[in-house]
Amino acid sequence: QVQLVESGGGLVQAGGSLRLSCTASGSILGINRMGWYRQAPGKQRELVAVIISGGTTNCADSVKGRFTISRDNTKNTVSLQMNSLKAEDTAVYYCNAGVVAGPSFRDVEVWGQGTPVTVSS
């Protein structure tokens, strides 16, 4: 099976920075998409940023200009650099990937366990 493991969450003051990383492992034949979602208390899970095979990236308007998503294809790792953090960024951040899983070549949606980010003000 395919697994996503996140790291880098924690507590940071408003205006500070944090870098999240997510690594995919398992029977992976290809990765179509990797990205980040977040869910704040009492709110729906929302897309933060995504990177598509080929390098195209998309970010939510609420984080555009502050967050940057990148990927290391050789390591099946996606990172989210978060700058100028605000209290409203406080949430559990979940890594998400759309992969081609082996040996069946099935398209599979995979989620990480989540890493909490708390921004104090």
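This write-up is about the structure you can find in this document. (Residues numbered from 1 in each chain as written. Predicted model: local features only at pLDDT ≥ 70, side-chain atom pairs only at ≥ 80, totals over all residues. Heavy atoms only, no water.)

1. Quick look at the side chain of Thr77
For step 1, the next point in the chain: Positionally, Thr77 belongs in strand β8 (residues 77-82).
For step 2, the next point in the chain: A residue is classified by how much of its surface remains accessible, and Thr77, at 14% relative accessible area, is buried.
For step 3, the next point in the chain: Separated by 3.1 Å, the side chain of Thr77 and the backbone oxygen of Lys75 make a polar contact.
For step 4, the next point in the chain: Not counting residues up to four positions away in its chain, the partners in contact with Thr77 are Cys22, Thr23, Ser70, Arg71 and Asp72. (Helix = DSSP H or I, 4+ residues; strand = E, 2+ residues; numbered from the N terminus. Buried < 20%, exposed > 50% of the residue type's maximum accessible area, 1.4 Å probe, protein only. Polar contact = N/O pair within 3.5 Å; in protein donor to acceptor, adjacent residues only side chain to side chain. Contact = heavy atoms within 4.5 Å.)

2. Observations regarding the side chain of Asn96
For step 1, the next point in the chain: Tracing the chain through its elements places Asn96 in strand β9 (residues 91-101).
For step 2, the next point in the chain: Side chain to side chain, Asn96 and Glu109 meet in a polar contact 2.8 Å long.
For step 3, the next point in the chain: Beyond its immediate chain neighbours, meaning those up to four positions away, Asn96 contacts Leu4, Arg33, Met34, Gly35, Tyr37, Glu109, Val110 and Trp111.

3. A short note on the pattern of salt bridges
For step 1, the next point in the chain: A full pass over the atoms with the stated rule returns 5 salt bridges.
For step 2, the next point in the chain: Close ionic contact of Arg38 with Glu46 constitutes a salt bridge, the shortest N to O distance being 2.8 Å.
For step 3, the next point in the chain: Classification of Arg38 by relative accessible area gives buried; the value is 5%.
For step 4, the next point in the chain: Here Glu46 falls in the partly exposed class, since its relative accessible area comes to 35%.
For step 5, the next point in the chain: The partner of Arg38 in a salt bridge is Asp89, with the nearest N and O atoms 2.9 Å apart. Of this pair, Arg38 sits in strand β4 (residues 28-39) while Asp89 sits in the loop between β8 and β9, and the two are 51 residues apart along the sequence.
For step 6, the next point in the chain: By relative accessible area, Asp89 is classed as buried at 0%. (Salt bridge = Lys/Arg side-chain N within 4 Å of Asp/Glu carboxyl O.)

4. Quick word on the state of the cysteines
For step 1, the next point in the chain: Per the stated rule, a full pass over the model turns up 1 disulfide.
For step 2, the next point in the chain: There is a disulfide in this structure between Cys22 and Cys95, and the S-S distance comes to 2.0 Å. One quick way to see it: the torsion about the S-S bond of Cys22 and Cys95 is about -85°, and its sign makes the bridge left-handed. Residue Cys22 is located in strand β3 (residues 18-25), and its partner Cys95 is located in strand β9; the two are separated by 73 residues in the primary sequence.
For step 3, the next point in the chain: Overall, Cys22 belongs to the buried group, its relative accessible area being 0%.
For step 4, the next point in the chain: Here Cys59 is not cross-linked by a disulfide; its sulfur's nearest cysteine counterpart is in Cys95, at 14 Å. (Disulfide = S-S within 2.5 Å.)

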